[in-house]
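Read off the chains here:
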Amino acid sequence: QVQLVESGGGLVQAGGSLRLSCAASGSILRINDMAWYRQAPGKQRELVAGITSGGRTNYADSVVGRFTISRDNSKNTVYLQMNSLKPEDTGVYYCNAVITVGGEWPQRYWGQGTQVTVSS
């Protein structure tokens, strides 16, 4: 009933930038927290950045000062601006959102993921 669709991934050279977008659609009553996770080959999925419904943000130490998370509530969309990309940023980036649909409690939803590859 709820779908998260990511876009904006791709291949960039170290030092470059990418902007990821994730749009939620479906029978959405309310979107609470939204976040971006990533998973590199052979590593566990980790939180990259999160943003609450009130706009409070948090970042992984490795991306502070380089990445910026934002959201547009009117579009049910969360963004991740990634600057000064490093090869270690390579991985599959997943959109995550806590969403309430009609008649149910809030649940956590995941996007399909978008590949980000940073060449050295």
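Residues numbered from 1 in each chain as written. Predicted model: local features only at pLDDT ≥ 70, side-chain atom pairs only at ≥ 80, totals over all residues. Heavy atoms only, no water.

## Focus on the pattern of salt bridges
Put simply, the rule is: Salt bridges are counted wherever a side-chain nitrogen of Lys or Arg sits within 4 Å of a carboxyl oxygen of Asp or Glu. Only DSSP runs of H or I covering at least 4 residues are called helices, and only runs of E covering at least 2 are called strands; the numbering of each starts at the N terminus. Three labels apply to residues, based on accessible area from a 1.4 Å probe with only protein chains included: buried if under 20% of the type maximum, exposed if over 50%, partly exposed otherwise in between.
Under the definition given, this model contains 3 salt bridges. Asp-89 is the salt-bridge partner of Arg-38, the closest N and O atoms lying 2.9 Å from each other. Within this pair, whereas Arg-38 is found in strand S4 (residues 28-39), its partner Asp-89 is found in the loop between strand S8 (77-82) and strand S9 (91-101), the two being separated by 51 residues in sequence. Here Arg-38 and Asp-89 have matching classes, each one buried. Across the salt bridge formed by Arg-66 and Asp-89, the nearest N and O atoms sit 2.8 Å from each other. Remark: Asp-89 occurs in the loop between S8 and S9 and Arg-66 occurs in the loop between strand S6 (57-59) and strand S7 (67-72); sequence separation between them is 23 residues. Pair check on accessibility: Arg-66 and Asp-89 agree, each one buried. Connected through shared salt-bridge partners, Arg-38, Glu-46, Arg-66 and Asp-89 make up one network.

## Here we look at the pairing of S8
Operational definition: A pair of strands is considered paired only if DSSP assigns at least 2 bridges between the two.
Burial within S8 is extensive, with 5 of its 6 residues counted as buried. When strand S3 (residues 18-26) meets S8, the two strands line up antiparallel, connected through 6 bridges. Paired with Arg-19 across the bridge in S8 is Gln-81. The loop that links S7 with its antiparallel partner S8 comprises 4 residues; one of these, Asn-76, has a positive phi angle of about 50°.

## Side note on the nonpolar core
The nonpolar side chains of a soluble globular protein tend to be buried with one another. So the rule is basically this: Residues grouped as a nonpolar core are buried Ala, Val, Leu, Ile, Met, Phe, Trp, Tyr and Cys residues, joined through side-chain atoms within 4.5 Å. Whether two residues are in contact is decided by their heavy atoms: any pair within 4.5 Å suffices.
Counting residues in hydrophobic clusters, the biggest one holds 28 residues, and the most contacted among them are Trp-36, Leu-80, Met-82 and Tyr-93. Those elements that provide at least two residues to this core are strand S1 (2-7), S3, S4, strand S5 (46-51), S7, S8, S9 and strand S11 (114-119). Per-element tally for this core: the top contributor is S9, with 5 residues. Setting aside chain neighbours within four positions, we find Tyr-93 in contact with Glu-6, Leu-20, Trp-36, Tyr-37, Arg-38, Val-48, Phe-67, Leu-80, Met-82, Gly-113, Thr-114 and Val-116.

## Notes on the pairing of S4
Pairing analysis gives 9 bridges linking S4 to S9, with the strands arranged antiparallel. Its bridge partner lying in S9, Arg-30 is registered against Thr-100. Note: S4 against S5, 5 bridges, orientation antiparallel. Looking across to S5, one finds that Ala-35 is bridged to Gly-50. Two successive antiparallel strands, S4 and S5, enclose a turn made up of 6 residues, where Gly-42 displays a positive phi of approximately 80°.

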